[in-house]
Amino acid sequence: MAAYRSSPALSDGGGADGMGKSQASCFWLLLHGLCCLISLVLGFRFSRLVFFLLFSTTTLYTSAPVLRATTTTTTTTTTTTRTETLTLSLPNHPPLPPPAVHSVPNRTRSRVVVGRHGIRIRPWPHPNPTEVMRAHHIIDQVQREQRLQYGVKAPRPLIVVTPTYVRTFQALHLTGLLHSLLLVPYRLTWIVVEAGGVTNETAAILARSQLNFLHIPFPEKMPTQWAERHKMEARMRLHALRAVRERLLDGIVVFADDSNIHSMEFFDEVQKVKWMGAVSVGILAHSGNSEPTPDRQFREEDKENFPVPIQGPACNSSGQLVGWHTFNSLPYREKSATFVGEAATVLPRKLEWAGFVLNSKLLWKEADKKPNWVRDLDAVGKYGEELEDPLALLKDESFVEPLGNCGKKALLWWLRVEARSDSKFPPGSNSLTYLIVEITGRLDLIFTIAYFGILGDPFYLSELSIKLS
Amino acid sequence: MEEKKKEGKEEERKVKDDEKGKKKYWKKDEKKKGKGKKRSLARMPQLKGGELMPYWLRKGRSWVVIQDKGIKAPSGSAGDVLEDDPVGRLKVFVYELPSKYNRKILQKDPRCLTHMFAAEIFMHRFLLSSPVRTLNPEEADWFYTPVYTTCDLTPNGLPLPFKSPRMMRSAIQLISMNWPYWNRTEGADHFFVVPHDFGACFHYQEEKAIERGILHLLQRATLVQTFGQRNHVCLKDGSITIPPYAPPQKMQAHLIPPDTPRSIFVYFRGLFYDVGNDPEGGYYARGARASVWENFKNNPLFDISTEHPATYYEDMQRAVFCLCPLGWAPWSPRLVEAVIFGCIPVVIADDIVLPFADAIPWEEIGVFVAEKDVPNLDSILTSIPTKVILRKQRLLANPSMKQAMLFPQPAQPGDAFHQILNGLARKLPHAEKAFLKPGEKILNWTRGPVGDLKPW
């Protein structure tokens, strides 16, 4: 489209009104010459708007309630030109000054006039909250329609397995997960396995949700070292799987750790699994030292360029599973945390449980068309062996289905953030402090926390933020 | 002509034989009977041999045209008109111009094949190998002159229109001297593709374009152009408005799965102020784009900026509304992109004439916002009932709509090339006054700015 101009042709219609035509043209010619000379002398373009402002300052200021003139100066980097932009804000007024209209004889003139128009700005340019809610409603309806049209036709219920235990940040993490699960449009059962037995705190949080949950106690207490904690979590998950097997729950088993961040598209994607699937998990290895991380927008294409490790299935060009992208812990060797609550990087295992999903029929004793490449659940862990990842449940790894565009989409983000073991949440308060955590993942998690939380006492806020960093 | 008549008779016989089986065929005609214009034998134009081209089969009460010559198509209904097949309804003769008018220009600057004005080049290529092309000019209904007027590019890639009027004039002089068909009608059965900003006004600046007006020599010809604005000097009556060229392969390559949820409410990427040419604002886009920026730059529902992201096409597929405001000219490739990616186009351009307006029901697909209502854009968009929005999205998902906006190579049925031919076929037969009596002259060859008269 046209952008090349040799010299801008301004139709300064404002000043020309009321003058004789020949006089006006002479005057403007002289003015133009004067401006050209000035520009030559100064070395940059001299805006003629200065004259407009000079001549009409009185009119501008007397009619102040009508016009609001803001001048902004912009400097371009190629030439040091100072141009003054005059924005006229006109609440419901027709465009002024009257632009010069070229009337071509014997032709119908367009009702749309050529020339300078005012830039209309409404006096209160902020969004109306009712309209914002309406817009979100529209988006929700559109997405629902999309799901109906293009999504899975017969969605299966989900079984979400979460190991948890009472600690300072439990309320933070668990409520976050709770709200993510509330947004899931499918039927779901939430199996919460708690280390150290059933406690009132956890029960209180779970009771606040409107989800269908199963609160299962696990007798051992959670250890204080990360390595032990990872192993114990695996045992807790296995315990939950046994519960699924006993109760013959039907659906898709998803491992959602309470501190992870899930994309809503993750729950849509797992509906496509047949028996066992794997998705890509982004690892947000929290550095512990509050280095200013640049503001990163994680788009799938930029994954290769940014140093965010991804764990997940690796495919060849025809879309078949050939291997796994695992977490490389070499760069973090010195700085990794050993104790829970330590201010250092927490490293994930080679392959996290969260990246795998299974059809619950794999866990049943007897199931229709159950494949033979899966081990019987009773045989797993019988001799106290440690389960590293769900692949230990299988005899043959190659049957795992890669999901999420063959692992190219990172649908969930792994994060472990724990406070120091002697810290406490504000006692007696039902609130969540809104922490500025360096999670560069899903913003809706932070939004939901803030929405449902009450800003706590500034003292506790600062105490907690110090402990984090 | 004899063969055609025989063929027609055979078809007639076949229809009679399959009367019981092919009830569908008759139903189709009854539909046409309601909407189409009935023609009497007397009104059919006589061709040069005294033959009457179409002949009629009367069956019951419905008049059925077996032969080609174009029934006036029903206006407004999207499905059937878009899928009309122009083959057999018209014949186009392509003039053989010396390569300095087309090939040599393209060789000098191959960027002309990828910019948004490339429709003129691809139309030429399409016509050369299309079944509507005829090598016999006597039987042609339309004549095409392949002259690439929008291929003189600056180093930045923008076309300079300063030599285009002379080039066009020189081409017309050539065809009028070497073939008798221009003088026979003074161009009334010729069509030209002029995809530049203001069409055949040949200037990028609107005031200058209006001053120039349409090139005088083209005043009787049909213009196929991207520019369209009602009551504007540069839009002739009877012009065919086409979409700007958008590279089909590039867009296909960036498609994402349709179940990706649309989470952006309003999306726009582009300039709001043209700092190089209109730093004060107010001229560019008649202040509408600047108004959008000033009112909605802090609104979280509006994802608008001047950045050039690598995921522009992907982002459009994740948006519910895509803004298509005017720029220096009212049309923009954003409309094409919005239709292809299923994002509802919000057209902010007063009095714009959209491409193929007689075949595509733009009112039902897009949202039109007057320039004076731009400050209330968020209220307007959020007050549209959800039912209407879902309906628009369903209409946009129609593949024939998307196909009609594209210029694929090689041509596919239902694409923009065929829509242009359909448009030309709908204008047939030519009116009586198109053909000049011998000795009659309407065009004044010396009219226009003096600079245009110089030879090219």
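Coordinates for the structure precede this section.
Residues numbered from 1 in each chain as written. Chains lettered and ligands numbered in written order. Predicted model: local features only at pLDDT ≥ 70, side-chain atom pairs only at ≥ 80, totals over all residues. Heavy atoms only, no water.

*Asks:* Talk me through the pairing of strand β4 (residues 188-195) of chain A; I want residue IDs and the actual numbers.
*Replies:* Residue and element names in this part refer to chain A. In terms of residue burial, β4 counts as a mostly covered element, since eight of its eight residues are buried. Here β4 shows two buried faces, one formed by Leu-188, Trp-190, Val-192 and Glu-194 and the other by Thr-189, Ile-191, Val-193 and Ala-195. Alignment of strand β3 (residues 158-164) against β4, held across seven bridges, turns out to be parallel. Considered in β4, the bridge of Thr-162 is made with Val-192. For the crossover from β3 across helix α6 (residues 170-182) to β4, the handedness is right-handed. Bridge analysis of β4 against strand β5 (residues 212-218) gives seven bridges, and the strand direction is parallel. In the strand pairing of β5, Val-192 is matched with His-215. You can see the chain leave β4, run along helix α7 (residues 200-208) and come back into β5, and the turn it takes is right-handed. (Buried < 20%, exposed > 50% of the residue type's maximum accessible area, 1.4 Å probe, protein only. Helix = DSSP H or I, 4+ residues; strand = E, 2+ residues; numbered from the N terminus. Pairing = 2+ DSSP bridges. Right-handed = clockwise from strand over helix to strand, strands pointing away.)

*Asks:* Report on the sheet that holds strand β14 (residues 410-414) of chain A, specifying residues and quantitative values.
*Replies:* All names here are of chain A. Taken in spatial order, the five strands make up an open sheet running β7-β14-β9-β10-β11, and their pairing is mixed. Across the chains shown, the open sheet's two edge strands, defined by having one partner strand only, are β7 (261-262) and β11 (321-325). Summarising the sheet, strand β10 (residues 310-315) and β11 pair through four bridges and their orientation is antiparallel. Each bridged residue has a counterpart across the sheet, and for Cys-315 the counterpart in β11 is Leu-321.

*Asks:* So what's going on with the side chain of Asp109(B)? Which residues, and what values?
*Replies:* Counting through the fold element by element, Asp109(B) comes out in the loop between α4 (103-108) and α5 (119-128). Aside from chain neighbours lying at most four places away, what touches Asp109(B) is Cys151(B) and Leu153(B). (Contact = heavy atoms within 4.5 Å.)

*Asks:* Talk me through the environment of Glu397(A); I want residue IDs and the actual numbers.
*Replies:* All names here are of chain A. As for its placement among the helices and strands, Glu-397 is situated in the loop between β12 (356-359) and β13 (401-402). The partly exposed category is assigned to Glu-397, whose relative accessible area is 39%. C-alpha of Glu-397 to C-alpha of Leu-321: the two residues are 76 residues apart in sequence and 9.4 Å apart in space. Residues contacting Glu-397, with those up to four places away along its chain left out, are Leu-321, Trp-324 and Leu-391.

*Asks:* With reference to specific residues and values, describe the environment of Pro244(B).
*Replies:* Residues and elements named next belong to chain B. Within the element layout of this structure, Pro-244 appears in the loop between β7 (240-241) and α9 (248-253). Given the relative accessible area of 4%, Pro-244 is considered buried. The spacing of Pro-244 and Ser-332 is 88 residues in sequence and 7.0 Å in space, taken between C-alpha atoms.

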